[in-house]
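Chain residues, written in single-letter form:
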Amino acid sequence: MTQKDKRIEWKARYDTWKESGQSIAEWCRNQEVSVHQMYYWVQRFERDGNFMETPGDTQWLSVQVDEEALPSTGHSPILLHFGAISVEVRPGANMSLLSDVVHMLQNQC
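Because the structure is a prediction, the values reported are computed rather than measured.

K.L.:
Which parts of the structure should I look at to understand the pattern of salt bridges?
P.N.:
For side chains of opposite charge, pairing can occur when their charged atoms come near one another. In the structure shown here, the tally under the stated rule is 4 salt bridges. Between K18 and E46 there is a salt bridge, with the nearest N and O atoms lying 3.6 Å from each other. With K18 in helix 1 (residues 3-20) and E46 in helix 3 (residues 35-48), this pair connects stretches of sequence that are 28 residues apart. Judged by its relative accessible area of 46%, E46 falls in the partly exposed class. Between R90 and E88 there is a salt bridge whose closest N-O contact spans 3.0 Å. Exposure remark for E88: the relative accessible area of 41% places this residue in the partly exposed category.

K.L.:
Sorry, what's going on with unusual backbone geometry here?
P.N.:
Backbone phi values are negative for most residues with the exception of glycine, while trans is the configuration of most peptide bonds. In this structure, E32 takes a positive phi of about 55° despite not being glycine. With respect to the helices and strands, the residue E32 is situated in the loop between helix 2 (24-31) and helix 3. Given a relative accessible area of 76%, E32 falls into the exposed group.

K.L.:
So what exactly am I meant to see when it comes to the pairing of strand 2 (residues 85-89) here?
P.N.:
Taken together, the 5 bridges between strand 1 (residues 78-82) and strand 2 define a ladder with antiparallel strand orientation. What sits directly across from I78, in strand 2, is V89. Hairpin connection, strand 1 to strand 2: the antiparallel pair is bridged by 2 residues, and G83 has positive phi, about 60°.

K.L.:
I tried to follow the packing of aromatic side chains on my own but got confused; where do I start?
P.N.:
The geometry of an aromatic ring pair comes down to the distance between the two centres and the angle between the two planes. Applying the stated criterion to the full structure yields 5 aromatic pairs. Taking the centre distance of 6.0 Å and the plane angle of 5° together, the rings of W10 and W41 count as stacked. Within this pair, whereas W10 is found in helix 1, its partner W41 is found in helix 3, the two being separated by 31 residues in sequence. The buried category is assigned to W10, whose relative accessible area is 6%. When its relative accessible area of 6% is taken as the criterion, W41 is described as buried. Seen from their ring centres, Y40 and W41 are 5.2 Å apart, and the 85° between their planes marks the pair as edge-to-face. The exposure class assigned to Y40 is partly exposed, which follows from its relative accessible area of 44%. Taken together, W10, Y14, W17, Y40, W41 and F45 form an aromatic cluster joined through their ring pairs. Directly above the ring of W10 sits R13, whose terminal nitrogen or CZ lies 4.4 Å from the centroid.

Analysis parameters
- Residues numbered from 1 in each chain as written.
- Predicted model: local features only at pLDDT ≥ 70, side-chain atom pairs only at ≥ 80, totals over all residues.
- Heavy atoms only, no water.
- Salt bridge = Lys/Arg side-chain N within 4 Å of Asp/Glu carboxyl O.
- Helix = DSSP H or I, 4+ residues; strand = E, 2+ residues; numbered from the N terminus.
- Buried < 20%, exposed > 50% of the residue type's maximum accessible area, 1.4 Å probe, protein only.
- Pairing = 2+ DSSP bridges.
- Phe/Tyr/Trp six-rings, centres within 6.5 Å; stacked < 30°, edge-to-face > 60°.
- Lys NZ or Arg CZ within 6 Å of the ring centre and 35° of its normal.

As structure tokens, then:
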């Protein structure tokens with residue numbers, strides 16, 4: 001299992017614990033998870049606030065997009081990947097909305 005896979009797995013556990021309202025010890029007993037490992041990951045997520053990437057992994061490229069709708073005949077959709085999130089952009093998509101989505105993802109990821 002890669003370090004990225006471990007972060008994803010522990011982030012899911014962290015989110016589930018946060019939503020449970022239980023103490024870490026109680027949640028770990030119910031889930032049969034090591035309390036010591038959970039404390040390690042809780043500290044890491046709360047300190048770093050970033051679980052998908054290490055610094056320097058993300059690079060953004062500015063793209064100029066015309067406001068006109070793209071012709072829809074004979075063109076395939078474009079897939080954009082942001083960590084675990086994928087966005088499918090089909091021909092004729094609203095470029096203003098796409099810009100807003102990309103901006104939001106840039107601020108969240």
